[in-house]
Amino acid sequence: MNLRLLAQVAAGAAIVGVGCAAPFDPGISVTVDEKVSIAPDYSGITVPPNCAPLNFVVATRGSGYAVTVQGVHGTPLRVASSNSRIVFPLRPWKNLLAGNAGTDIHLIVSVRDRALGWRTFRPLVIGVAREPIDPYLACRIIKPIFRPWKRVGIYQRNLETSEIREVVHGRNLGNGCVNCHCFLNNSPDRFFVSTRSPRYGSAAILVEDGQATKLDTKFGYTAWHPSGTMVTYSKMQVRQFFHTARTEIRDVIDLASSILYYSVDKNLVREVPGVAASGTLETYPAWASDGETLYFCSAPVLWDTPDKVPPDDYAKVKYSLWKISYNTDIDTWGVPDTVLSSAKTNMSVLLPRVSPNGKFLLFCMCDYGVFPAFQKSSDLYLMDLSTGNYRRLDINSPESESWHCWSSNSRWIAFSSKREDGEFTRTYLSYIDENGDARKPFVVPRKDPAFDASFLQTYSVPEFITGPVRLRGRVIGAAARSDSPKSVSYEQPSMSTAAPSSANAAPEQ
Amino acid sequence: MSHKTLGQYRPARAMSFAALLVAHFLYVQLHVRPDFLFNSIEVFGSSFPNFSTSRRFLVDALSYPGGVAGYLSALLSQAYVSAWLGALVTTVLAAAVTVTLEHLARRQSGSSAGLLALGPALLGLIVVQRYLLAVPMLVNLTLVTACSLVFLSLLQWPSRWRIAAIPLLFAAVYYVTGWGGCLFSLVTTMAAVKSRTLVPLVCGLGVLFTAYPVLQSTLLVEDPSLQYGSLFHVDNRGMVVHWYDLAGAGYVVALLASARACAAFLDTCFRRAPRAALWRRTAGWVVGLSTVVACLTVTYDQHRRDFVESEYLVRRGAWDAIRAKTDMRQIDQLTAVNLFDLNLALFHQGVLSEEMFRYPQNPRALALPTPTRVDLFPVTLRDALLSFELGKINLAKMMLYELYEQSVTEHPYLLNALAECHLVTGQPAAARRWYTHLTHDLVYGRRATTMLKRLDEGAQYGADQRLAEVADRAIDRDTAVSARYLRQISELLLDKDKDNRMAWEYRVNTCLLNGDLRSFYEYLSNPPEFGARALPRHWQEALLLCREVDGTADAQLPELVGSGLQTRFDQFMEAYARIAQECTGPAQANQLASRLLRKEFGGTYFFYYVFHESGDERWYR
């Protein structure tokens, strides 16, 4: 009873406080036909009905700020502030959005100027989609790493509340590196994460059934088969090199790479027949939603001197998009086939991701190479799998776009973009309609809208998940530190020892 | 039991205490120089607390046990940007912990702890003169001893109030000071042990409650994942203790545990024999002060001081001071980093090619050594700053980013340097992000705000002339290289700007250091326009060698080389030939000649070329 009374008094005081800070009277406000500038730019975007509050900072200077959010349905939401940070209360915001799913909401910003009084700007229109977004997004948060690393962590953000929590951090394994998190069908309960640690070695950690298991192998870019019986992964000899004058200093090349697959039940690693071969580089496996087709990227090896970094022709390495069929029932593979040739695009095709409904394939194309995050030219493209037609999406920027993923309902994509400054990646969300048209992307909302403007780390490899990862980071860390990893069997020799096989002919380039 | 307050102290004691504080202040300000700590990228990057005026920083500090003390420590530590302000903060904290400890000892034993109360202050002084940060320890000890006094007052309260107040006080101390809660529990247990109530039991439980996270965080630091998610805390930041924290806490506990014995001893010395009191008191002071001096002398870390001071001087561009410091060293004290600093100072004074061989040079003297774990931060920072100044912006940026990644705390200087790199490479939006972050810094905030304002106005390079000049000479031809070769791209600098004097001089003098006269001559055949100055002395000396060694440079010699230098060179060659004739073999000749000719020719390039060593005679005394 007392607590309730206390809460009511506190709420009343807060309302009075806010009101005192910036009393706003629509009657005395002058309407100006100008678009108000806000950061992040949320004008004209489409948000999911379960989106966290779109808090923002008003760029126009003033002594008081008032914002009204109103839709066709529900009670308008009004927020007043004496500073330019507009933060919406969670529950009224969620009610408003949920009530207006499938329609638009209007964001009406008023700014009080000491000389001109209150001015109300042209409303900003925000579309509210019918389809919700997966409630969580897992991503890595790291400083812009060059050679040494010290603090690498995988985090999960609640897209409905903007809460953020650690999944696993490198400190859990002696300041090691955690990377390549890969969830089975967007599920938070079954996933792989790769670890690298000077003390505990490199390993793949399988999280399932509330347990983490360390495998004595390391995975590169990983893709779960939708059935959950196996994962395909790339195994690479990655080398980093640097540019003397380019603004993105870092660059990456795979001197050798191939695709293997790990049968979870049999605890067995095999090479994908017809794919792993000398003379070619294969990477970025991605499964179609029916589990019958594996997409991957492949490029010819252009150098004879494997130790030279970078090789002379590093800028001529262009990957093509390939696919190979797979029969789950009898564990047999088909013949590789070109989907999109770099000869046709004159660009490097990378990071294929198939939408869960099987209709679209989202991928990157950049001038050359294997790592789009370090290529300013990298843009997102969408291919209609029923026709094979592809197009560059309108959501791209002059800076790098990469590391994209699909929500489980195939309506939302998340991707990393350096559009803000060319240096720090931020995660953007975009709505994809049934025709494959992408709506204006928006940066993942934050509780503190000014946080990102001064946050000196990058967000990378966003992955949608349908709920929170419940297993504690220390459990995953304990598995990574284990000195008795689960021993994995190999049916074929690993890449470093594999003899070139003419039978396993490389896909024609 | 008699209780004396500060107001009851005799004036002589107060005067003595004040004199000690003045001495403490002057010692820290003039001898230790707290600004060396603040400006050391290594000290700052590993242990110096960041402070931000942002609300977010405050909220974060309030979110974990020990965060409040950490916030206060971080705020006070920023005073180390200035020598006098840092000394003032350290002295005030030393005074505060001494006074509260003295009061505590009096309340427990009924008598003064005398000079023994100065223990934590002395420890603080030892820590700071070893170029570690003493502020957090002094803040925590002050808070704990002050709260212990409050606890002693609570013991006088009626029991029902006491029951409510004591747990609250425990929780508050644990929340505010973190690991200090453990010390507080120990101190209060000792204080309450004689009261026949449940209070000692509560205090004892407090010890168990707080010792667990502290031990866990400190002893299990090798396995950090175990530090998280314990019953009592979710964040170990306020729980990790250093050796000096343990020493300070241990001292306080030991002093209070033996307070009665100490008081009895002091009483015996000074009170029960009034006739001898004066000389005993004097003797006590002499012994006490001698102990302080001995402690400070034994624990003073000259090597570390040189380490942080040299970085300070380079960062400040105190070239005269760098040369003066070098002149004070013996040859065996001259490290590769010192030599690098010296040559940088010589360059900035415009005398690198005139005077560098007056110092002991070696083929790698213009480059930095491969950093070790100990000097990773200062060496990498120097490398980055030199690369930036030369125009190798990407190399500078890469090294600064690597420092940023490896720093535990982020030195605002580092962030500012990264912002400048981004401005030079034409990335104002990225620079803006660094500057926005810096606006909440107490020291760099004003500059960051100014730069943001200039960027808002569209000023290129933030209207900073220095940055514009660096941008003019920055490499603009893109080549992909491995990390190792990113350093070896000086040619690209001269391709971009032939008049890049620093790149030119470093390149040419590197040829001299390597004895590569052919390359030297090639460079000199096509010199940039550096004004109508005469050729620097060492280059003239090298030209003489070019003629002597392979017959080049003959035609140019009369106009390029002064006649006095020609005569000196001839004298050197004659003397060398004479000594060689008297010796049985070339090895012996070289050994003897270098010793005999060092006094007269040790500061010349031809001496270096022949004997692979250089330096005025003073280096070899």
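Residues numbered from 1 in each chain as written. Chains lettered and ligands numbered in written order. Predicted model: local features only at pLDDT ≥ 70, side-chain atom pairs only at ≥ 80, totals over all residues. Heavy atoms only, no water.

Engineer: Tell me about the overall build of chain A, and please be specific about residues and values.
Structural biologist: Counting secondary structure elements, chain A contains 4 helices and 36 strands. The C-alpha radius of gyration of chain A comes to 25 Å, within 12% of the 23 Å expected for a compact globule of 509 residues. The principal-axis extent of the C-alpha atoms belonging to chain A is close to 80 × 55 × 45 Å. Out of the 509 residues in chain A, the part that is buried amounts to 58%. Residue pairs at least 24 apart in sequence account for 59% of intrachain contacts in chain A once pairs closer than 6 positions are excluded. Accessible surface computed for chain A: about 20,400 Å², of which carbon and sulfur atoms make up 50%. Of note, chain A has its 54 positive side-chain charges centred 8 Å away from the centre of its 48 negative side-chain charges. (Helix = DSSP H or I, 4+ residues; strand = E, 2+ residues; numbered from the N terminus. Rg over C-alpha atoms; globule rule 2.2 N^0.38 Å. Buried < 20%, exposed > 50% of the residue type's maximum accessible area, 1.4 Å probe, protein only. Contact = heavy atoms within 4.5 Å. Areas by Shrake-Rupley, 256 points an atom, 1.4 Å probe, with all protein chains shown as cover. Lys, Arg positive; Asp, Glu negative; His and termini not counted. Charge placed at Lys NZ, Arg CZ, Asp CG, Glu CD.)

Engineer: Can you explain the overall build of chain B? Please cite residues and give values.
Structural biologist: On a plain count of helices and strands, chain B comes out with 33 helices and 1 strand. Evaluated residue by residue, chain B yields a buried proportion of 53% over its 621 residues. Counting contacts in chain B only where the partners sit at least 6 residues apart, residues at least 24 apart contribute 66% of the total. Element-wise, carbon and sulfur atoms account for 61% of the exposed surface of chain B, whose accessible area totals about 27,900 Å².

Engineer: Any details on the sheet that holds strand β12 (residues 153–158) of chain A? Residues and values, ideally.
Structural biologist: Sheet strands associate in pairs through backbone hydrogen bonding, adopting either a parallel or an antiparallel arrangement. Residue and element names in this part refer to chain A. Taken together, the 4 strands give an open sheet; going across it, the order is β13-β12-β11-β35, and neighbouring strands pair in antiparallel fashion. In this open sheet, the two edge strands, each paired with only one partner strand, are β13 (164–169) and β35 (458–465). Within this sheet the neighbouring strands show an average axis-to-axis angle of 25°, counted without direction. Pairing of β12 with β13 involves 5 bridges; the strand directions are antiparallel. Looking at the pairing, Y155 lines up with E166 of β13. (Pairing = 2+ DSSP bridges. Axes fitted to C-alpha atoms, helices over the stretch in contact; angles between N-to-C directions.)

Engineer: Give me the lowdown on the nonpolar core, citing residues and values where you can.
Structural biologist: In this structure, F151(B), F520(B) and L597(B) are the most contacted members of the largest nonpolar core, which totals 133 residues. Counting residues per element, this core draws most heavily on helix α8 (residues 135–154) of chain B, at 10 residues. Not counting residues up to four positions away in its chain, the partners in contact with F520(B) are V508(B), C511(B), L512(B), W539(B), A542(B), L543(B) and C546(B). Core analysis: the next-biggest nonpolar cluster, separate from the first, contains 90 residues, L96(A), V252(A), F360(A) and W406(A) among them. (Core = buried A, V, L, I, M, F, W, Y, C linked by side-chain atoms within 4.5 Å.)

Engineer: Please give an account of the packing of helix α7 (residues 119–129) of chain B against α8(B) that cites residues and values.
Structural biologist: Residue and element names in this part refer to chain B. Across the interface, α7 lies against α8 with an axial gap of 9 Å and an inter-helix angle of 165°. The angle between α7 and α8 places the two elements in the roughly antiparallel class. As for how α7 packs across α8, the hand of that crossing is right-handed. Between α7 and α8, the contacting residues are P120, L123 and G124 on the first element and M137, L138 and L141 on the second. Residues that form the contact of α7 with α8 fall into these classes: 5 nonpolar, 1 polar and no charged. (Parallel < 35°, antiparallel > 145°, perpendicular 65-115°, else oblique. Left-handed = near helix turned anticlockwise from the far one by under 90°. Nonpolar A, V, L, I, M, F, W, Y, C, P; charged D, E, K, R; others polar.)

Engineer: Can you tell me about a positive patch on the surface, naming the residues and giving the values?
Structural biologist: Residues and elements named next belong to chain A. Together, R165, R470, R472 and R474 give the surface a local cluster of positive charge. Relative to the assigned elements, R474 resides in helix α4 (residues 473–481). The exposure class assigned to R474 is partly exposed, which follows from its relative accessible area of 38%. (Patch = residues over 30% accessible without salt bridge, like charges linked within 9 Å, V, L, I, M, F, W, Y side chains within 5 Å. Salt bridge = Lys/Arg side-chain N within 4 Å of Asp/Glu carboxyl O.)

Engineer: Talk me through the pairing of strand β20 (residues 250–263) of chain A; I want residue IDs and the actual numbers.
Structural biologist: All names here are of chain A. Taken across its 14 residues, β20 has 13 buried, putting it largely inside the fold. Note: strand β19 (residues 230–243) against β20, 13 bridges, orientation antiparallel. Bridge pairing in β20 places M236 opposite S257. Count of turn residues in the β19/β20 antiparallel hairpin: 6 residues.

Engineer: Break down the interface of chain A and chain B for me, with residues and values.
Structural biologist: In this assembly, 40 residues from chain A lie in contact with 41 residues from chain B. Buried area between chain A and chain B, summed over both chains or domains, comes out near 3,800 Å², and the portion from carbon and sulfur atoms is 51%. For the interface between chain A and chain B, the tally reads 5 salt bridges. Across the salt bridge formed by E402(B) and R147(A), the nearest N and O atoms sit 2.7 Å from each other. If you look at where chain A meets chain B, you find 23 residue pairs in polar contact (both at pLDDT 80 or more). The set of elements that each furnish at least two residues to the side of chain A that touches chain B consists of β19 and α4 of chain A. Classifying every residue of the side of chain A that touches chain B gives 18 nonpolar, 7 polar and 15 charged. (Buried area = accessible area lost by both parts, 1.4 Å probe. Polar contact = N/O pair within 3.5 Å; in protein donor to acceptor, adjacent residues only side chain to side chain.)

Engineer: Describe the packing of aromatic side chains, and please don't skip the residues or the numbers.
Structural biologist: Residue and element names in this part refer to chain B. Considering all chains together, one arrives at 57 aromatic pairs over all chains under this definition. Ring centres 5.0 Å apart and planes at 65° place the aromatic pair F51 and Y71 in the edge-to-face group. Taken together, the residues F51 in the loop between α3 (41–46) and α4 (55–61) and Y71 in helix α5 (residues 67–77) connect sequence positions 20 residues apart. Their ring planes at 55° and their centres at 4.7 Å tell us that F607 and F611 sit as a pair that is tilted. Here F607 pairs with F611, and both are found in helix α33 (residues 605–611), just 4 residues apart, close to one helical turn. No difference in accessibility class separates F607 from F611, as the two residues are buried. Through successive ring pairs, a cluster of aromatic residues spans F569, F572, Y576, F601, F606, F607 and F611. The ring of Y413 has R315 sitting right over it, with the charged end atom 3.7 Å from the ring centre. (Phe/Tyr/Trp six-rings, centres within 6.5 Å; stacked < 30°, edge-to-face > 60°. Lys NZ or Arg CZ within 6 Å of the ring centre and 35° of its normal.)

Engineer: Lay out the environment of L137(A) with the relevant residues and their values.
Structural biologist: Residues and elements named next belong to chain A. Tracing the backbone shows L137 in strand β11 (residues 136–142). Judged by its relative accessible area of 2%, L137 falls in the buried class. Separated by 49 residues in the primary sequence, L137 and N186 have C-alpha atoms spaced 9.6 Å apart. Not counting residues up to four positions away in its chain, the partners in contact with L137 are Y155, Q156, R157, L159, A414, T427, V444, P462, E463, F464 and I465.

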